[in-house]
Structure formats: C-alpha cells, structure tokens
Amino acid sequence: MTTEKLQKIQSKREKEIRKWEKEKAKPKKNFYFAYLVLIISLIYATDEIASQIGTLMKTEIANDLFSNFGESSVGLLDILSILVVPFQALGLLYRPLADRWGRRKFLLINTFGMSLAMLVIFLSNNLFLYFAGAVLVQFFIPHDMHVVYIMESSPSKHRARVYSSIKFFANMAVMLIPFMRRTLMQDATQWRLVYFVPAVVGVITALIALLTARETDSFIDSRLRYLRMTDEEREAEKVRKSSENAQGGLIHALKFAWKHNQLRWLYITSALANLGFIGTINYQVIMSYGYAQNYIANGMFASLGDEVMNFVSVGPVTTALFMFPVGCAVSQVIMGFISDSKGRKAAAITTAINCLVAFIGFSVGARMAWNPYLAGFLCGAFVGSFYSTNDVLIMMIGESSPTNLRSSTMSAQFIVTAIGVAISYIISLPLITVLGNSVTGVVSFALLVPGFIAAFFALVRKTHDTKGIDMDTVTGSEWD
C-alpha cells in the first residue's frame, strides 16, 4: 500500500473520529431518555402495525386477490409470501451495516421504509402492486433497529422492563387496525383503506425521530475504540474476534456465533421455536373459519361462501380483534417483569407455556363461538407469547454478543430462524392448499407443539442466563 493511500485512510479515520467525538460531546437535554422511550415506542408501534396488519386481514386479502380459488385462497397467498423471502434475505444483509455506520441512520430509514410500504399497498389496485408493498414491508421489518436502541440505551437492571413496557404500548397501538376495520370497511373488499392511517403516522414518526433521536453511546464508544487502534492492534482484534472484519458483517457474525457455545445453542433454540410459525401468520384465518364453521353447523348458513365470510369478517372477527392487541400487550409485560426478576430463561419458559395454552383456547373458542372479546384476547396472548419467546431469545443473543458484532449477530439470528420457518411452510402449505383453509388450525398446532418442546429442552440444558450482563464488556466467550 502506497504512502499516499495510507495517508488518505488515516485522514478518513481522523475525520470520522472527530465526527463521533463531536456527537458524543453533545449534551443530552433534560429527560432525554424519557422522550427517547417515547420516540422508540412510536417507531415500535409503526413496526408492529406493519408486521400485523396483513395478518389481521389475511382472510379478506386472500379472498380478494384470489377470488376465483375459493377454499385454496389462503394457501395461495402463503405461496405468494414465499416469493417475498429472497427480499427479506436482502434485508438481513443490509442490517449489519448498522455496526459500521451507526444505529440512528437505519432507525430513520427503516421507519420511513415501512410506512412507504403500507402506502404502496393502500394504493395497490392489482396483485403486482400488492406484492411490491409486501416486498418493502418484509425488507424493512426484520431490521429491528429500535430493539438495538432499547438494549443499548436502557439501564442493565431494567432493560427487559423498559423493553416490555415499550412493546406493551406498541402492541396496544395495533388496536388501531380493528378500529379502522370497524370504521373504514363497509364490506370485506375495502381492506386497503386500513393501510392509509398507519402509513401517514409512520412518516410523521420518522420525521420526529430525525429531529430528536441521538446515536447510542454504546455504538459511539465501540466505534471510537476501533478507529483509535493502531494497525497492529486492529489486526490483533480481528484475530481475537475470529473475523476478518471486527466491525460487523453477517458472515462474520455467523462464524463468530458458531464458535461460541452460548450463541450457537441460542440460534438452534430459535430455529426450533419457529417450527410453529405458520400459526402466527394464520391466526385470523383460524378464527374466521372457526366462527364460520360454527354458524354453518348451527344452521345459520348453508355452506362456506362469500356471504358467511363477509358476515364473519365485519362481525365477530373484527370485534375479537379489538382484544387481540390487549392479549399481545399483557404477554409482553409478563415477559419483561419475569425476565428482570427471575431471569431470561424463566421468562422464555413461561411465555412458551402461555403460547401453547392460549393457542388451544382461541382456536377452540372460535370453533365453539365463544364471546369474541375472549377469543380475541386469547388469540393475542398466543401470538404475543410466541413472539415474546423469540424476543427473549434475541435479547439473550444481544446480551451474549460484543458491541461491535451485536447488530450483526441479532440479524444473523433471522437466518437460522428461517430454517424453522421454512420447515413450517414446507409442511403446512401443501396441506392447507389441498385440504382447504379450514384445516389451518390443526396443521399449525401439529407444528407448534413439537417445536416448542424441543426448544424448551435446548434452552434449559444448553444455554446460560444473561440477566444483568454488562453489554459494554461482554465478549461472547464467557460460556465456552
């Protein structure tokens, strides 16, 4: 390398050092943490709505987009969802850039991107535009930069409580979806209108974050340490991290995780826990067809068709979905307080048990035509507990990773999780497409139970609790 090139590299490093020193030196305004929590709560709400809105209206979307295929419509929509997976994989390659360029940029980009995606779906008048919007949603959702912000900005002993409180708010915000279903949808074909309000709110939230959010101190400190190293120290650091790039990268994160016992088994546990994933994207279908079958069995309708599904959509299902976010939120609060008081593993075990019990409750409740508010609460508790279990696992992954690889290891977790999701799709899609939408509940349960049992044993026997870990000094090798 020539002297001129070395000087340019050194000059670039010094310029970046000055930039981060200036950012770190900026005084934080009074109550900065309080309004950071508010900002992250709004962003998390946008993320939760973008994540759940398609699932909360899956029956309507499937029957509209594939109106000529009747009982196979949900299976066909799931097949369409598989075509989105490669774009989700691109999002995973994009996420580790936050370990190099900072958390704040990607917090803003992701929030605006999710909002734009919902706006595209609102404007879609054909299958192609809907697919384009779905692609954008799945590209930005896995990034979860707001979760990294929470973990790096919260006091260690209250990290899970802060996280669960923020997610409680985000889950309650999902109540906007059934509210908009009730006020904007005169019939099931008007599902696109529900996308407009959260899209606008998301854009406004991104602008607020642009004006108020600061880069996290953990990232600044980690980046400055790296930039201030001599070339010899940087080479030694690369070797120590078992990576050619000590400042992040998806491949490097996977290699790092596989060499360390704690992260390796947390990844395996994540894959096993997601074998029942298909139930989390079809709960509205399970509920809709449960109520519809009950009405047919009791002679209210002659057979499944547009008349009964439209009645169910604007009636008991919309009513039930008002309680869906409440069930989600309660399960998140349980996770947070157990996690900080009893430990991460105790929280994951509790949420896994809650998930199985709530799934049985809401699917049986719909088939027996229980009060829609009760069925909706149990449905939310099922989905909330499922994702709470995953949240605990990803929190443990973040707490088991060094700062310079944290975003990358949390991103890489989605790759191993995708193994469980892929198995879930491979088994369920042929069955649902051939046998019809009404078997979705049975298929989902058959995958959920063995997956969670296997994950339970892996978690208990092979991983260690990370409660109270110092995220500034953790190296990932503590449990080897």
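Owing to the predicted nature of the structure, the values given are computational and were not obtained by experimental measurement.

All right, on to the environment of Val333 then. Relative to the assigned elements, Val333 resides in helix 19 (residues 324-341). Among the residues examined, Val333 registers a relative accessible area of 26% and is labelled partly exposed. A C-alpha to C-alpha distance of 10.0 Å links Val333 and Phe169, two positions 164 residues apart in sequence.

With respect to the element layout, Ser115 can be found in helix 7 (residues 103-123). Side-chain polar atoms of Ser115 contact the backbone oxygen of Thr111, separated by 2.9 Å.

This next bit is on the confidence of the model for the protein chain. Summary statistics for the protein chain give a mean pLDDT of 82 and a share of 91% for residues scoring 70 or more. Within the protein chain, no element has a lower average pLDDT than helix 14 (residues 231-240), which sits at 61, and none a higher one than helix 16 (residues 261-273), at 91.

This brings us to the packing of aromatic side chains. Applying the stated criterion to the full structure yields 15 aromatic pairs. Where Phe359 meets Phe382, the ring centres are 4.9 Å apart and the plane angle is 70°; that geometry is what we call edge-to-face. Remark: Phe382 occurs in helix 21 (residues 372-399) and Phe359 occurs in helix 20 (residues 344-367); sequence separation between them is 23 residues. Considered together, Phe359 and Phe382 belong to a single accessibility category, that of buried residues. Centre to centre, the rings of Phe386 and Phe452 are 5.7 Å apart; their planes meet at 25°, and the pair counts as stacked. Of this pair, Phe386 sits in helix 21 while Phe452 sits in helix 23 (residues 440-462); the two residues are 66 residues apart in sequence, bridging distant segments of the chain. As far as burial versus exposure is concerned, Phe386 and Phe452 are alike and both buried. By the ring-pair criterion, three or more aromatic residues cluster together here, those being Phe359, Phe362, Phe382 and Phe445. Lying over the aromatic face of Trp20, Lys19 brings its terminal NZ or CZ to 4.2 Å of the ring centre.

It is worth spelling out the packing of helix 2 (residues 32-56) against helix 9 (residues 145-153) at this point. For the pair helix 2 and helix 9, interaxial distance at closest approach is 10 Å and the crossing angle is 155°. Between helix 2 and helix 9, the angle is such that the two are roughly antiparallel. As helix 2 runs across helix 9, the sense of the crossing is left-handed. Residues Phe33, Leu36, Ile40, Ile43, Tyr44 and Asp47 of helix 2 pack against His146, Val147, Tyr149, Ile150 and Ser153 of helix 9. Class assignment of the residues belonging to the contact of helix 2 with helix 9 gives a composition of 8 nonpolar, 2 polar and 1 charged.

The next subject is the environment of Ser401. By the secondary structure assignment, Ser401 is in the loop between helix 21 and helix 22 (406-435). Of the residues examined, Ser401 reaches a relative accessible area of 0% and is grouped as buried. Note: C-alpha distance between Ser401 and Trp370 (31 residues apart in sequence) is 45 Å. With residues near it in sequence (within four places) discarded, Ser401 still touches Leu263, Arg406, Thr409 and Val474.

Let us now look at the nonpolar core. The biggest cluster of nonpolar side chains holds 124 residues, and the ones touching the most others in it are Phe324, Phe362 and Phe382. Per-element accounting of this core gives the leading share, 13 residues, to helix 21. Excluding residues within four positions of it along the chain, Phe362 makes contact with Tyr283, Ile286, Met287, Ala375, Leu378, Cys379 and Phe382. One finds Ile17, Trp20, Leu224 and Leu227 within the second-largest nonpolar core, a separate group that totals 6 residues.

This paragraph deals with a nonpolar patch on the surface. The grouping of Phe112, Leu116, Leu119, Leu123, Leu184, Leu193, Phe196, Val197, Val200, Val201, Ile204 and Ile208 at the surface amounts to a nonpolar patch, some 920 Å² of accessible area in total. Relative to the helices and strands, Val200 resides in helix 12 (residues 196-212).

Glancing now at the state of the cysteines. What is meant by a disulfide is a covalent connection between two cysteines, made through their sulfur atoms. Tallying each qualifying case throughout the model produces 0 disulfides. The cysteine Cys355 is free of any disulfide, with Cys328 supplying the nearest cysteine sulfur at 11 Å. With no disulfide of its own, Cys379 lies 7.6 Å from the sulfur of Cys328, the closest cysteine sulfur.

On to the packing of helix 2 against helix 11 (residues 176-184), then. Interaxial distance between helix 2 and helix 11 falls to 10 Å at its minimum, and their mutual angle equals 45°. Considered as vectors, helix 2 and helix 11 are oriented oblique to each other. Both helix 2 and helix 11 take part in a crossing whose hand is right-handed. Counted together, Ile49, Gln52, Ile53 and Leu56 of helix 2 and Leu176, Ile177 and Arg181 of helix 11 form the full contact between these two elements. Looking at side-chain class alone, the contact of helix 2 with helix 11 contains 5 nonpolar, 1 polar and 1 charged residues.

On to unusual backbone geometry, then. For Ala369, which is not glycine, the phi torsion reads 55° and is therefore positive. Mapped onto the elements, Ala369 comes out in the loop between helix 20 and helix 21.

For the rest of this paragraph, the subject is the side chain of Thr205. Relative to the helices and strands, Thr205 resides in helix 12. Ignoring anything within four residues of it in the chain, the contact list for Thr205 reads Leu42, Ile43, Thr46 and Thr111.

Its location among the elements puts Ile338 in helix 19. Considered as a pair, Ile338 and Phe277 are 61 residues apart in the sequence and their alpha carbons are 24 Å apart. Residues contacting Ile338, with those up to four places away along its chain left out, are Gly343, Ala346, Ala347 and Thr350.

Thresholds, definitions, all that
- Residues numbered from 1 in each chain as written.
- Predicted model: local features only at pLDDT ≥ 70, side-chain atom pairs only at ≥ 80, totals over all residues.
- Heavy atoms only, no water.
- Helix = DSSP H or I, 4+ residues; strand = E, 2+ residues; numbered from the N terminus.
- Buried < 20%, exposed > 50% of the residue type's maximum accessible area, 1.4 Å probe, protein only.
- Polar contact = N/O pair within 3.5 Å; in protein donor to acceptor, adjacent residues only side chain to side chain.
- pLDDT = per-residue confidence, 0-100.
- Phe/Tyr/Trp six-rings, centres within 6.5 Å; stacked < 30°, edge-to-face > 60°.
- Lys NZ or Arg CZ within 6 Å of the ring centre and 35° of its normal.
- Axes fitted to C-alpha atoms, helices over the stretch in contact; angles between N-to-C directions.
- Parallel < 35°, antiparallel > 145°, perpendicular 65-115°, else oblique.
- Left-handed = near helix turned anticlockwise from the far one by under 90°.
- Contact = heavy atoms within 4.5 Å.
- Nonpolar A, V, L, I, M, F, W, Y, C, P; charged D, E, K, R; others polar.
- Core = buried A, V, L, I, M, F, W, Y, C linked by side-chain atoms within 4.5 Å.
- Patch = residues over 30% accessible without salt bridge, like charges linked within 9 Å, V, L, I, M, F, W, Y side chains within 5 Å.
- Areas by Shrake-Rupley, 256 points an atom, 1.4 Å probe, with all protein chains shown as cover.
- Salt bridge = Lys/Arg side-chain N within 4 Å of Asp/Glu carboxyl O.
- Disulfide = S-S within 2.5 Å.

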